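Breakdown of the fold
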Amino acid sequence: MKQAIDPAWPRDDFSRVPYAVFTDAEIYRLENQRIFRGPVWNYLCHDIELPKTGDFVTTWVGDTHVIVARNGAGLVHAFENSCAHRGAKLTSAVRGNAAHLTCPYHLWTYTLEGDLQGVTFQRGVGGKGGMPACFEKKDHGLNKLRVAIYGGLVFGTFSDHAPPLEEFLGPHSLSQIDRLLVQRKPKVLGYLRQRIPGNWKLYNENVRDPYHGSLLHQFQVSFGLQQPTMRGGIKLDADLKNTWNHSIITEQDAASQKIVAEAYAGTGKFNPDLKMADPALTRVPLDLGDNYKTTILSMFPTLIVAQVDNTYAIRHLRPKGPDLVELHITYLGFESDTPEQTRDKLLTVNFIGPAGYISLEDGEALRLVQQGIRHRRPGGHEVLEMGGVGPIVDTDYLSQEISIRGFWSFYHQIMGLPAAGRAEATP
Ligand code: FES
Ligand SMILES: [Fe+2]
């Protein structure tokens, strides 16, 4: 068997991250084995996407295609989209409704729980052929995931060793899921998918990185949606893998404009005189009444639940190899929304997505990093020192990369990589 590669992690506070983790095919193979099939809870879908018996959606857990279905008892089950006979994909549909699942190849059928129901010609034809007497259908179900649901979010795991879901999510995720997705009943407004030519972990870094918010996103700073003087910070769960980033609206003051102008000085990128022909988008009022401007919940390994202004969305990462990730976005409104509030939410969808006024640059930043590191000499690494080095702790400020180091400390541990802090790599 091919030996796992062993890139050096020069510091044990994870303020150095070897670029090899974003580019190496062997690392990617190990991630599928140790993370996506390991002791984590993978986001599958939202409960409201399966309103009726027989409703199913398909999704991805790492490289594995998965079907999620609701059975007659109202329970949600998940299993691999691969026939127990000779492995054929059972369905290519994104979503649908079925009384049972039939494999297109030899027409074996499965229940909505993933159990084998029927084998065509099991007793042969005309008394000849058929399966041997010892063949037991109960031994040949689809490969199932364990399923657990919190706040309508449906998760699955292949591992018997994943901790209870609520423990895995941690207290900040639980309370924010309650705030965002439970206190009002959500409804799906629509979906977008975006293929980003970058590693899936670069996106995890991006959503744990409030440092870039007022620097990369010109739209946000130009129209005062994000300011470096905003109140906010990050809170991490006990094993540091999940982050709650938040910023809170405050009176925009002259100091903020001055800081932005200084940060952009000489870049030619900051234009405080920029005006929108139709500023309606920037004037949609926050509808939760608590002045949180952004709430970004980043949950290991591939789930982000985010409120950006008035846009509520579930973002799911679907890795497609070391240098490509599909971002699948589910936009949410709420059953209690008035027609006007629904219109507002559809308008603010323009903030987030492949061409979003805010998130357009995030996909581009990932592409630039992936391209930039492709030809670095071996041993190169990131430098994550903004906000301080050493202990990985909560902060009440936004210019920091500490939460990214939290992600890496958990990643390093679950991947079973050799101890960090052994040697200084060549930058
Ligand atoms: S591969 Fe599915 S029935 Fe044969
Ligand atoms: Fe961003």
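What you see as residue numbers is a count from 1 along each chain, following the sequence as written. Ligands are numbered from 1 and chains lettered from A, in the order in which they are written. Where totals are concerned, whole chains, interfaces and linings use all residues; where local detail is concerned, this predicted model gives features only for residues with pLDDT of at least 70, and gives and counts side-chain atom pairs only at 80 or more. Calculation of side-chain values draws on the structure's entire complement of heavy atoms; hydrogens and water are dropped beforehand.

A word on the domain arrangement of the protein chain
Keep this limit in mind: Note that the domain bounds were set by an automatic or database domain assignment. Whether two residues are in contact is decided by their heavy atoms, any of which lying within 4.5 Å being enough. Joining two parts hides part of their accessible area as seen by a 1.4 Å probe, and the buried area is that hidden amount summed over both. A pair is scored as a salt bridge if a Lys or Arg side-chain nitrogen falls within 4 Å of a carboxyl oxygen belonging to Asp or Glu. Contacts described as polar in this section are N or O atom pairs within 3.5 Å, which, within protein, must combine one atom able to donate a hydrogen with one able to accept it, while residues neighboring in sequence count only if both atoms come from side chains.
Per the domain assignment, the segments of the protein chain are domain 1 (42–149) and domain 2 (171–414). Here the C-alpha centre of domain 2 lies 36 Å away from the C-alpha centre of domain 1. The interface of domain 1 with domain 2 comprises ten residues on the first partner and 13 residues on the second. Roughly 1100 Å² of surface becomes buried between domain 1 and domain 2 when both sides are summed, with 59% attributable to carbon and sulfur atoms. A per-residue breakdown of the area domain 1 buries against domain 2 is headed by Tyr43, Ile48 and Trp60, which together make up 50% of the total. Summed over the shared surface of domain 1 and domain 2, the result is zero salt bridges. If you look at where domain 1 meets domain 2, you find three residue pairs in polar contact (both at pLDDT 80 or more).

Describing the sheet that holds strand β14 (residues 243–248)
Note the following rule: Strands are treated as partners if at least two bridges between them are detected by DSSP. Counting from the N terminus, the helices are the DSSP runs of H or I reaching at least four residues and the strands are the DSSP runs of E reaching at least two. For every element, the axis is a line fit to its C-alpha atoms; helices are fit only across the contacting stretch, and the angle between N-to-C directions ranges from 0 to 180 degrees.
Spatially, β12-β18-β17-β16-β15-β14-β13 is the arrangement adopted by the seven strands of the open sheet, whose pairing is antiparallel. Each edge of the sheet is formed by a strand with only one pairing partner; in this case those strands are β12 (186–196) and β13 (231–236). Within this sheet the neighbouring strands show an average axis-to-axis angle of 15°, counted without direction. Strand direction decides the pairing type here: β13 and β14, joined by six bridges, are antiparallel. Each residue of the ladder has a partner; that of Gly233, found in β14, is His246. Across the sheet, helix α3 (residues 165–182) touches β12, β13, β14, β15 (292–299), β16 (303–308), β17 (311–319) and β18 (325–334), and the angle it forms with β15 is around 130°.

Structural notes on the coordination of the iron ion (ligand 2)
How we decide: Water is not among the atoms examined, so metal sites may look incomplete; donors are the N, O and S atoms within 2.8 Å of the metal, or within 3.2 Å for Na, K and Ca. Under the classification used here, a metal with four donors is tetrahedral if each angle lies between 85 and 135 degrees, square planar if opposite donors are over 155 degrees apart and the others between 65 and 115, a six-donor metal meeting that same test is octahedral, and anything else is irregular.
Around the iron ion (ligand 2), the protein contributes the donor atoms His212 (NE2), His217 (NE2), Asp362 (OD) and Asp362 (OD), which lie 2.1 to 2.6 Å from the metal centre. Coordination at the iron ion (ligand 2) is irregular: its four donor atoms span angles of 54 to 146° at the metal. Motif for the iron ion (ligand 2), donor spacing along one chain: H-x4-H-x144-D.

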